[in-house]
Amino acid sequence: MAASVYSVEQVNSYIKNLFTQDFALRQIYVRGEISNCRYHTSGHIYFTLKDASGVLNAVMFRSQRPNLKIRLQDGMRIVAGGSINVYERDGRYQLYVQTAEADGVGVLYQQYEKLKQELEEMGMFAPEYKQEIPRFSRHIGVVTAPTGAAIRDILNITARRNPCVTLYLYPALVQGEMASASIANGISCLDEMGLDCIIVGRGGGSLEDLWAFNEEETAYAIFHAETPIISAVGHETDYTIADFVADLRAPTPSAAAELAVFDYAAYLNTLQVRKNQLDMAVKMQLERKRAVIDGYKRRLDLQDPVYQLEQKKQQLKSLKEKLVFTMESRMKEYRHRTELYIGKLEALSPLKKLSGGFAYVSDETGQPVQSASALDRGQVIRLQFGDGKVRARITDLEGETDHEGTEKSIH
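These numbers were taken from a predicted model, which means no experiment stands behind them.

Conventions adopted
- Residues numbered from 1 in each chain as written.
- Predicted model: local features only at pLDDT ≥ 70, side-chain atom pairs only at ≥ 80, totals over all residues.
- Heavy atoms only, no water.
- Helix = DSSP H or I, 4+ residues; strand = E, 2+ residues; numbered from the N terminus.
- Rg over C-alpha atoms; globule rule 2.2 N^0.38 Å.
- Buried < 20%, exposed > 50% of the residue type's maximum accessible area, 1.4 Å probe, protein only.
- Contact = heavy atoms within 4.5 Å.
- Areas by Shrake-Rupley, 256 points an atom, 1.4 Å probe, with all protein chains shown as cover.
- Pairing = 2+ DSSP bridges.
- Axes fitted to C-alpha atoms, helices over the stretch in contact; angles between N-to-C directions.
- Expected span 1.5 Å × (residues − 1).
- Arc of directions from axis to C-beta.
- Polar contact = N/O pair within 3.5 Å; in protein donor to acceptor, adjacent residues only side chain to side chain.
- Salt bridge = Lys/Arg side-chain N within 4 Å of Asp/Glu carboxyl O.
- Patch = residues over 30% accessible without salt bridge, like charges linked within 9 Å, V, L, I, M, F, W, Y side chains within 5 Å.
- Phe/Tyr/Trp six-rings, centres within 6.5 Å; stacked < 30°, edge-to-face > 60°.
- Parallel < 35°, antiparallel > 145°, perpendicular 65-115°, else oblique.
- Nonpolar A, V, L, I, M, F, W, Y, C, P; charged D, E, K, R; others polar.
- Core = buried A, V, L, I, M, F, W, Y, C linked by side-chain atoms within 4.5 Å.

Student: What is the right way to look at the overall build of the chain in this model?
Tutor: When helices and strands are tallied, the chain shows 11 helices and 15 strands. Against the globule reference of 22 Å for 411 residues, the chain gives a C-alpha radius of gyration of 65 Å, more extended than a compact globule. Across its three principal directions, the C-alpha atoms of the chain cover 205 × 60 × 50 Å. When burial is assessed residue by residue, the chain has 32% of its 411 residues classed as buried. In the chain, the proportion of contacts linking residues at least 24 apart, taken out of those at least 6 apart, comes to 59%. About 26,600 Å² of surface is accessible on the chain, with carbon and sulfur atoms providing 55% of the total.

Student: In this structure, what is going on with the sheet that holds strand β11 (residues 360–362)? I would like to understand it.
Tutor: Within a beta sheet, neighbouring strands are joined by backbone hydrogen bonds and run either parallel or antiparallel to one another. Taken in spatial order, the 3 strands of this open sheet run β11-β12-β13, and their pairing is antiparallel. Each of the sheet's edge strands pairs with one partner strand only, and the pair in question is β11 and β13 (388–393). With strand direction ignored, the average angle separating the axes of adjacent strands in the sheet is 25 degrees. As paired elements, β11 and strand β12 (residues 380–385) share 3 bridges and run antiparallel to each other.

Student: Got a minute to help me understand helix α4 (residues 149–161) in this structure?
Tutor: Helical periodicity: at 3.6 residues per turn, an α-helix aligns residues three or four positions apart in one direction. Taking 1.5 Å of rise per residue, the 13 residues of α4 would be expected to cover 18 Å, and the 18 Å separating its terminal C-alpha atoms lies within 8% of that figure. Every buried residue belonging to α4 is among Ala-150, Ile-151, Ile-154, Ile-157, Thr-158 and Arg-161, and all of these are buried. For α4, the arc enclosing every buried residue in end-on projection is 135 degrees, short of the 170-degree limit, so these residues lie on one face. Summarising the geometry of α4, the exposed residues directed more than 90 degrees from the buried face are Asn-156 and Arg-160. Buried-residue contacts for α4 involve β6 (139–144), β7 (166–171), β8 (197–202), α8 (253–260) and α9 (264–303).

Student: Just to check I follow, could you spell out the side chain of Thr-227 for this structure?
Tutor: The topology assignment puts Thr-227 in the loop between α6 (216–224) and β9 (229–233). One polar contact links Thr-227 to Asp-191, side chain to side chain, over a distance of 2.6 Å.

Student: I tried to follow the pattern of salt bridges on my own but got confused; where do I start?
Tutor: When the charged atoms of two side chains with opposite charge come close together, those side chains can pair. Scanning the model with the defined rule gives 10 salt bridges in all. Measuring nitrogen to oxygen at the nearest pair gives 2.7 Å for the salt bridge that ties Glu-118 to Lys-114. In this pair, Glu-118 and Lys-114 both sit in helix α3 (residues 107–121), 4 residues apart, roughly one turn of the helix. Using a relative accessible area of 32% as the deciding quantity, one classes Glu-118 as partly exposed. We note a salt bridge from Glu-364 to Arg-391, for which the minimum N-O separation is 3.0 Å. Residue Glu-364 is located in the loop between β11 and β12, and its partner Arg-391 is located in strand β13; the two are separated by 27 residues in the primary sequence. Residue Glu-364 is classed as partly exposed on the basis of its relative accessible area of 35%. A single network of salt bridges, built from pairs that share partners, joins Arg-89, Asp-90 and Arg-92.

Student: Looking at this structure, I do not really get α9. What am I missing?
Tutor: With 40 residues, α9 ought to run about 58 Å at 1.5 Å a step, and its terminal C-alpha atoms sit 57 Å apart, in line with that. At the N-terminal end of α9, a side-chain oxygen is found 3.2 Å from the backbone nitrogen of Ala-265, two or three residues along, and the residue is Asp-263.

Student: I keep staring at the sheet that holds β7 and nothing clicks. Help me out?
Tutor: Sheet architecture is open: 5 strands sit in the order β7-β6-β8-β9-β10, paired in parallel fashion. Single-partner strands in this sheet number two, and they are β7 and β10 (248–249).

Student: Help me understand a nonpolar patch on the surface in this model?
Tutor: Taken together, the side chains of Tyr-6, Val-11, Tyr-14, Ile-15 and Leu-18 present a nonpolar region at the surface, about 510 Å² in accessible area. Structurally, Tyr-14 is set in helix α1 (residues 8–21).

Student: Looking at this structure, I do not really get the packing of aromatic side chains. What am I missing?
Tutor: Each aromatic ring pair is characterised by the separation of its centres together with the angle its planes make. Under the defined criterion, the tally for this structure stands at 8 aromatic pairs. An angle of 70 degrees between the planes, with centres 5.5 Å apart, marks the rings of Tyr-129 and Phe-223 as edge-to-face. Here the residue Tyr-129 occupies a position in the loop between α3 and β6, and Phe-223 occupies one in helix α6, the gap between them amounting to 94 residues. An aromatic cluster of at least three residues, connected via ring pairs, comprises Phe-125, Tyr-239 and Phe-244.

Student: Just to check I follow, could you spell out the packing of helix α5 (residues 179–191) against α6 for this structure?
Tutor: Where α5 contacts α6, the two axes come as close as 8 Å, and the packing angle between them is 10 degrees. Classified by the angle their axes make, α5 and α6 are roughly parallel. Here Ser-180, Ala-181, Ile-183, Ala-184 and Ile-187 of α5 lie close against α6, whose contacting residues are Glu-217, Thr-218, Ala-221 and Ile-222. Of the residues in the contact of α5 with α6, the class split is 6 nonpolar, 2 polar and 1 charged.

Student: So what exactly am I meant to see when it comes to the nonpolar core here?
Tutor: General note: in soluble globular proteins, nonpolar side chains tend to be found buried as a group. Core analysis: the biggest nonpolar cluster contains 33 residues, and Val-143, Ile-183, Ile-187, Val-200, Phe-213, Ile-229 and Ile-241 have the highest contact counts within it. For this core, the elements supplying multiple residues, two or more each, are α3, α5, β8, α6, β9 and α7 (241–245). In terms of residue count, α5 provides more of this core than any other element does, 5 residues in total. When neighbours within four sequence positions are excluded, Val-143 is seen to be in contact with Tyr-170, Ala-172, Ile-183, Gly-186, Ile-187, Leu-190, Ile-198, Ile-199, Val-200 and Gly-201. Grouped together as the second largest cluster of nonpolar side chains are 22 residues, Val-30, Met-76, Ala-80 and Val-97 included.

Here you go:
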C-alpha cells in the first residue's frame, strides 16, 4: 500500500488551492459560444462556453447579475471575465463569471435570426393567421419522442385533468439531422385525422438540441396545418421559430397539456355553480311572475260578476241585519213611548174617571151637557157610567136660577 492515502475531500481541496494560487486563473477572460444556458429560480445563471475543440462550464451568481448588460442565450458569442476555480463537492472546475459582453453571434444563432426574419416578413407570425385552441378538446395529437420527460408529463397531466381525453402520439425524432422531416411528417399525419388540436414539442436542451424546431420545414408544416397547434419546446426561457409560427406557445410540455386539456372536475364544479345560479334566477323570476299573476287574479276577482254578486249579497245581508236591528231598536223605543202615552191617556181617560163615581151626561141626541143651566124639567138625559148607561128625566132643577131668575134644582 502507498505510504500516503488521501480522502476525496483532501484531493479536491489541494487542487482548489492550486487553482487559487495560479495568478492567471484569478482574473481571466474567455471567448466562446453559449450553450445550455439556464436561468435558475435562485437567480444564478448556468451555461457552458464552447468552441471548436472543447467546452467550459460557467456560472454567474445572482450577486454579479447587476453587472450584466445583455441577456445570455444559446448561440451567442461572448467574452466572459472572471476566475476559474474548483467546485469541491463535484470535483470539477468551472468559470465563475463576473462580467460578460457580446463578441459576435454564433453560426447557429445567425441562422436562427435570419430564418426568423424571413418568416416574419412573409407574415407567418401574424396574429390573423392564429387559430383558437378549442376549449373542450377531446382528441389531441402529440408530436414528440416516444420516450422522455415530455410525453410522460403530457400523459400524467392529461390523466389527472380529464381521463376522457384521447391522446394520439406520433413518435417523432426531435434531435438530429432527420428530426425536422420527422416532425413535419408527424404534423401532416395527425392533421389529416381531424383532431381538436396538436401539441408539438420536446424537453429542454441546448440550441443544437432544439435546432429541429428552428428549421424551415418544421415552420412550414406548422403554418399550413388546418388543426390548431400548440408549440411546447424546451424550458420557459427557450424560444424557437416553432413558437412564433404555432397558434399558441406553451413554455413547457406540461404547460401545453394544461392549456390543451380542460379540467373535467373544475368544469363540473363550474357547471354546478352555473346551475345553482340559474336555479336561483329561475326561482326569483317565477316568484316575481307569480306575484304579478296574483295581482292580476285579485283584480279579475274584483271584476268577476259572481264575486260582485256575492259581495252584494254580503252587503244586503249586512244591511238587513242593520235594518232588523234598527227596526227592533225603534220598536222598543216606540213601544216604550207608547206605554208612556198609554199611561198618560189612561190618567186622562173619562172611562177611568167614570169608574170612580163620575158619569158622562148627554141629551137625547148624544150631545154633551156641559152645564146644568142647559137642562129643563122633564127633559130626558143620558148618563154614562163606568159599567153602563141609564136614562133619566129631570124633575127638579136646583142650584141655579131659571130665565126669570128662579133658582133651578135638578131632581
